[in-house]
Each structure stands twice: as C-alpha cells, then as structure tokens.
Amino acid sequence: MIIYSATRREFNQDVLTNRIEQQILDAFSTRLGHRASNSEIQSWKNSMLYMNNVLTCGEIPDDAEVAIEYRIPQTSKRVDFILSGTDQNSRDSVVIVELKQWSKVEKTPKDAIVKTFLGKSQREVTHPSYQAWTYAALLQDFNVEIQKGDISLRPCAYLHNCVDPSVVKSSFYDEHTRKAPVFIQHDVELLADFLKKYVRRGDRSKILHRIERGKLRPSKNLADHLASLLQGNREFEMIDDQKIVYETALELAKRAASGTKQVLLVEGGPGTGKSVVAINLLVECTNRGLVTQYVTRNGAPREVYEFKLSGTMKRTRIRNLFKGSGAYVNCEADVFDCLIVDEAHRLNAKSGIFKKGENQIKEIIHAAKLSIFFLDQDQRVTLQDIGDRTEIKRFAVEGSADLTELKLESQFRCNGSDGYLSWVNSSLQIKETANTSLDGIEYDFRVFGSPNKLRDEIFKYNKKNNKARMVAGYCWDWEGKKHPDIKDVTIPEHDFEMKWNLSEDSPRWIIKQNSVSEIGCIHTCQGLEIDYVGVIIGEDLVVRDGKVVTDVLKRSRHDRSIWGIQKMLQEDSESATVLADRIIKNTYRTLMTRGQKGCFLFCVDTETNEYFRSFVKDRKEEVNL
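Only a predicted model underlies this, so the values are computations on that prediction, with no experimental measurement involved. (Residues numbered from 1 in each chain as written. Predicted model: local features only at pLDDT ≥ 70, side-chain atom pairs only at ≥ 80, totals over all residues. Heavy atoms only, no water.)

1. Overview of the packing of helix α2 (residues 20-32) against helix α3 (residues 38-57)
Thought 1: The N-to-C vectors of α2 and α3 enclose an angle of 135°; their axes lie 8 Å apart at closest approach. Between α2 and α3, the angle falls in the class oblique. The crossing of α2 and α3 is right-handed. Across the interface between the two elements, I20, E21, I24, L25 and F28 of α2 pack against E40, I41, W44, K45 and M48 of α3. (Axes fitted to C-alpha atoms, helices over the stretch in contact; angles between N-to-C directions. Helix = DSSP H or I, 4+ residues; strand = E, 2+ residues; numbered from the N terminus. Parallel < 35°, antiparallel > 145°, perpendicular 65-115°, else oblique. Left-handed = near helix turned anticlockwise from the far one by under 90°. Contact = heavy atoms within 4.5 Å.)

2. Concerning the sheet that holds strand β6 (residues 113-118)
Thought 1: Strand order across the open sheet formed by three strands is β5-β6-β7, with antiparallel pairing between neighbours. Whereas interior strands pair on both sides, the edge strands pair on one side only; in this sheet they are β5 (106-107) and β7 (121-126).
Thought 2: Where β6 and β7 come together, six bridges link them in antiparallel fashion. Note that in β7 the partner of V114 across the bridge is V125. (Pairing = 2+ DSSP bridges.)

3. Looking at the environment of W563
Thought 1: Mapped onto the elements, W563 comes out in the loop between β23 (547-550) and α19 (565-571).
Thought 2: We classify W563 as partly exposed; its relative accessible area is 45%.
Thought 3: Here the alpha-carbon distance between W563 and T382, two residues 181 residues apart in the chain, equals 8.6 Å.
Thought 4: Setting aside its immediate chain neighbours within four residues, W563 contacts L383, Q384, R557 and H558. (Buried < 20%, exposed > 50% of the residue type's maximum accessible area, 1.4 Å probe, protein only.)

4. Let's talk about helix α20 (residues 573-591)
For an α-helix the count is 3.6 residues per turn, leaving residues at separations of three or four pointing the same way.
Thought 1: Between its first and last C-alpha atoms α20 spans 27 Å; for 19 residues at 1.5 Å apiece the expected length is 27 Å, and the two agree.
Thought 2: Within α20, burial applies to A576, A580, I583, I584, K585, N586, T587, Y588, R589, T590 and L591. (Expected span 1.5 Å × (residues − 1).)

5. Let's talk about the nonpolar core
Thought 1: Ranked by internal contacts, the top residues of the largest apolar core, which has 124 residues, are Y420, W423, F445, V535, I536, M592 and F612.
Thought 2: No other element matches the eight residues that helix α11 (residues 274-287) contributes to this core.
Thought 3: In this structure, I536 is in contact with L454, M470, V471, A472, G473, W476, I491, F496, I519, Y588, F602 and V604, ignoring residues within four places of it in sequence.
Thought 4: Counting residues in hydrophobic clusters, the runner-up holds 36 residues, among them I3, A36, A64 and I68. (Core = buried A, V, L, I, M, F, W, Y, C linked by side-chain atoms within 4.5 Å.)

6. Quick look at the state of the cysteines
Thought 1: Taken as a whole, this structure holds zero disulfides when the rule is applied.
Thought 2: Not engaged in a disulfide, the cysteine C603 finds its nearest cysteine sulfur in C599; these two sulfurs lie 9.8 Å apart. (Disulfide = S-S within 2.5 Å.)

7. Here's the deal with the pairing of strand β19 (residues 496-500)
Thought 1: Pairing between strand β18 (residues 489-491) and β19: three bridges, direction antiparallel. Within β19, the residue paired with T490 across the bridge is E497.
Thought 2: Two elements, β19 and strand β20 (residues 518-520), share two bridges in a ladder whose sense is parallel. Opposite W500, over in β20, you have I519 as the bridge partner.

8. Focus: a positive patch on the surface
Thought 1: A grouping of R297, K355, K481, K482 and R560 is seen on the molecular surface, where their side chains present a positively charged patch.
Thought 2: Its location among the elements puts R560 in the loop between β23 and α19. (Patch = residues over 30% accessible without salt bridge, like charges linked within 9 Å, V, L, I, M, F, W, Y side chains within 5 Å. Areas by Shrake-Rupley, 256 points an atom, 1.4 Å probe, with all protein chains shown as cover. Salt bridge = Lys/Arg side-chain N within 4 Å of Asp/Glu carboxyl O. Lys, Arg positive; Asp, Glu negative; His and termini not counted. Charge placed at Lys NZ, Arg CZ, Asp CG, Glu CD.)

9. Concerning the packing of aromatic side chains
Thought 1: Scanning the model with the defined rule gives 24 aromatic pairs in all.
Thought 2: Seen in terms of ring centroids, F183 and F194 are 5.7 Å apart; in terms of plane orientation they differ by 55°. Their pairing is tilted. You can see F183 sitting in strand β9 (residues 182-184) and its partner F194 sitting in helix α7 (residues 188-198), a full 11 residues away along the chain.
Thought 3: A relative accessible area of 14% means that F194 is categorised as buried.
Thought 4: Centre to centre, the rings of W423 and F445 are 4.9 Å apart; their planes meet at 65°, and the pair counts as edge-to-face. In this pair, W423 is assigned in helix α16 (residues 418-427) and F445 in strand β16 (residues 444-447), connecting sequence segments 22 residues apart. Pair check on accessibility: W423 and F445 agree, each one buried.
Thought 5: Grouped by ring-pair contacts, the aromatic residues Y420, W423, Y443, F445, Y611, F612 and F615 constitute a single cluster.
Thought 6: Note that R394 overlies the ring of F395, its terminal NZ or CZ placed 4.3 Å from the centroid. (Phe/Tyr/Trp six-rings, centres within 6.5 Å; stacked < 30°, edge-to-face > 60°. Lys NZ or Arg CZ within 6 Å of the ring centre and 35° of its normal.)

Okay, here's the thing in structure tokens:
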C-alpha cells in the first residue's frame, strides 16, 4: 500500500507550496484509518524539503514517480521514500531511500546496530543502511514483479541532519553500506548522482503501481535454499504421527487456497516433535509458493531456527519468515496463506508494551487462510499466557473456519521415555500418574548435593558437542543486565555464583559456543532442547513433609512472567495462588524436560533436594552427593 504517490513535478509543487505534509497526512488517515503522530508529521515536512532539494540538484525528470510511506505487504514496515523511472539502459528502476532525522549517531559493538536519541532517551536501533537493504530484500523475496527480474532495485539511506560521518560510514558497517550507501547532510550532490544513475528517464510503465499490485509469492531462490538445508538433516526428520500431522496440514493448505478458511490444532507434550513438524511445514509451504510465516511468542525458538536455516544466506532474509505473535494486529484478512504457531500456549491477549490489539489467537486466524497451532497446555508459564484449546476453538468458529484437531503422541525427548515425563508430573504434583517412581525408566536423572558438582558435570558433558546447559528458576534478580561484572545466581552456602544468560545474542544462548558458563531461564530455553540439562530449583518451590509447596513471592521482581500477581493476590487471593502454583510447577516441568539424554538436579532448599534424592536412592545409577 502506497500512502502518497505523485510525479516528480507534482511532488515538487506540493513541497514548494508547503502542502506536502498535509497531503501525506490526508492520505495516511484515509488509507490506514488512524492519524499519524505529530513527530511523524513534522518529519514529513522536514525530510521532504531535503529530498526535493536532492531531486532538483540531480535534475531528476519531471515524469519520474515518487512514492512516500509504502507499507510492505505482510508487515507493518513502511518505506520512507521511493523514486522510480528508467536507467541509462532503459531498464525499469526503483530506488528506496530510508530517511532519518538523526543528528548524532553512536557506534556499538553489535553488527548493524547503532545508538541514537529517540523518544527522550538514547536507544539502540538498526543502522539505516541495513534497514534500507532489508526492505529491498523483503521485496525481492516476496514480490513477483521484482522477482521477474525486469525491475532494478537499489536501496540507500539519507541522514539529512547528520554532519559527522565517522559512525554511520565507519568501516565496521561496511558490509551494510556497500549494499545500501548512506548519505549525510553535506552529501546532497553524492545522493543526487546516485539517484540520477538509476533514474535517468521518467516512469512510463507504472512501475510503482505494478509493485503495489504485485502478487505475493516466496522467491525460488529462498525456497530452494530452505529445502537444501533440510535435506539429509536428521534433526528435522519426521516419523510416525509427525508425518500424519505434516501431510494433513498440507492438505488443509490446498483447501484453504480454494477459499475455505482452515484452522489446525495440534496438541503434544514435550519432545513430541511439534517444532520439527512446524519447521518442515514452513519450508514445504514456502517451496510451494505459499506466503508462510513461523510464529512464536517467545523469541528464543525464532532466533535458534533462524540461525539454523540461514546457512550461507543472510539471516535477515530468513528472519522475514519468523515473526513474534504480536505482528498481526490490524492485519488484513487472509493476507497470509499459512501461519504456523509454535508454542501456541504462550500466546497473549494484548501485544507489545502498549497492549495493542484484542487477542493474538483471533488476529492470527483473521490474517491467514490456514492457521496451525501447536499446543501444550501444561507449558503455560506466565500470567499472560492465554493459549488454550478452548479459546482456539472459539475463535475458529467466530472466524468461520473449518477446525481440524490432531495429537502428537510419540516421545522423542528424554530418551523417548514417556515414563520420565509422567514421573515429572507426579513428583512435582502437577497431576497423579502411574509413574510414582523412576523404576524401569531409561533416562539419566541425577540429584546433586552441591551446585558446583552439578556445574562440573554439565561442563564435562558439554565438551562432547556443546549440548549441555544449566538453567534455573527465576528466583534471582537480573542485576547483571546493567552491571555485567555481577554474577546474578548466587548460593553463598556453597560458594556458588554464575551469571544469567547475559550475552549479546541471549535468544540464541542455548546454541552459542561457551554459553555453558551462563545460566538460562524459562524464557531462553522453552521450545528448545539439548542433550543434558542441569536444573537449579530455587526457593519458589519447596517440599514440606512430602507436599510440594510454591511461593510466587520468592520469584525475582525482574521476572515478567508474574507481573501483576500482587494485584491479583489482593483482588482474589485464592484464585491467584492456584494460578501461580500451576505456573511455577509448569516452569520446572519445562526445565526438567529440556534434556534428550539426561537431567541433573540441585535444589536450593535441603528438604526439597532430599525429596528428589529419594527417587534415585534405589536406582543402580550413581547418586552424586
């Protein structure tokens, strides 16, 4: 969707008569249905004056086309400024210009990240060249008109208030500025030459109109790349009921394409292969030319699978296939062929810090012809989690969608032991099961008398293939976030101290080299798995006379999963206590089932540690004291 479009001559007239910001605002309100902020209106007024000067300096032809605020389909992203025409070889050409009001920019040690003053504070933001290039990549990967190869697409960035080039043009950002050159205040002639190089003559074939109306379809290059990474990769191989879910989903995609909206609800416990099926469906649907995205509320699974599927392709291009669950607020109906929601139990009602939207389940079903929800209701671990089979069914009916329900039963995690998972439910007193002991269960479960010995064992197993990690309940404050020298998780009586997962790539903590030296939490490991997991149970869960007792007030004040509990306790103490009890038990259930081969445990509370030790005393395996 293009908010404002005009010929170069018409744009010039709107700027010279001081009407440009009002013209954009009127179109903005009409097409998007809401008013722009005052700061955005002011940016239009300032930036368009600068851009008009550049176009005049470059002698851009009067019949070239100008587009302002082009919203890229499937996203909320808007391209600031587009110029179209033909180049010296008479080839259709489009230049994307990312405009910034920034006057000062600071360097960071992170790839493609800079700091600038925004919203009354200094903030980390993407480098404008990187941003411009990602918009171009998104168009190349999903717009058929661009994919045909008849349109040249060139991105760049213009910081018209910035006079110091030392940061934005630093060699540290060369990879991004080579793909999308950046221009500052005194680069008017350089930017004018860049534009004129690609727009020598006017737009006589309605290039922007063709792009705006262009059919959405993933490019063959993107689809081939994804498919090649899955071929022969045992991590993503499907068997048994996984294959049934996969084939059923593809059949439902065909029905959805014919006009009948579909919802597929797939329930399965830890290790039943929900994510394996989800990733295979993402790849195959993309390969079939369907506009598809993988969706999670939690950022860690997205980051890990983005990384694994990127291969030789730039991660940004893969990232366009992975989205947070709040990305579909105000989305057009059925704009996606398929949305695959992993960890659907983590969905929220409202989205983002400003609590936008009505309900993420409803928004996802509205936005897609086929919505697939992978669900485990026993992994709801925050007060905000609303993912529930009843709610999904209700919104499927409201959305006039056909509902299909399937289950994943086969267990592939925890050494394929359904018995161990059943025992975890029993020992945490989540539900009564037949497995009240570990007898006959082929899974490496151990209890340690010291967190230091637990850590040493995890370090030893991690040397094999970097697939052993320590995790803990969120019972220690995250002070190290602002003070990196602080070791957050401390157990003084054992002279034990380690950091929370504070690395720059914390969402990918579970697969990073050397991150075994940091402790993860529920937010960085849910939906993911390793070979061996070391779990520290904090004071929020203790055992007294054989009864598991939880105390939500022992959780860290930094833990967002329980934000709002104080108010809930005041309003309805009994209901809030029951809900908090389930969240705490689900958290440890999830942590204790991350390991495919083994779980090593230490409890801060002595009686609790003895309670879990009692389950392994009679086993042949060694008990580490």
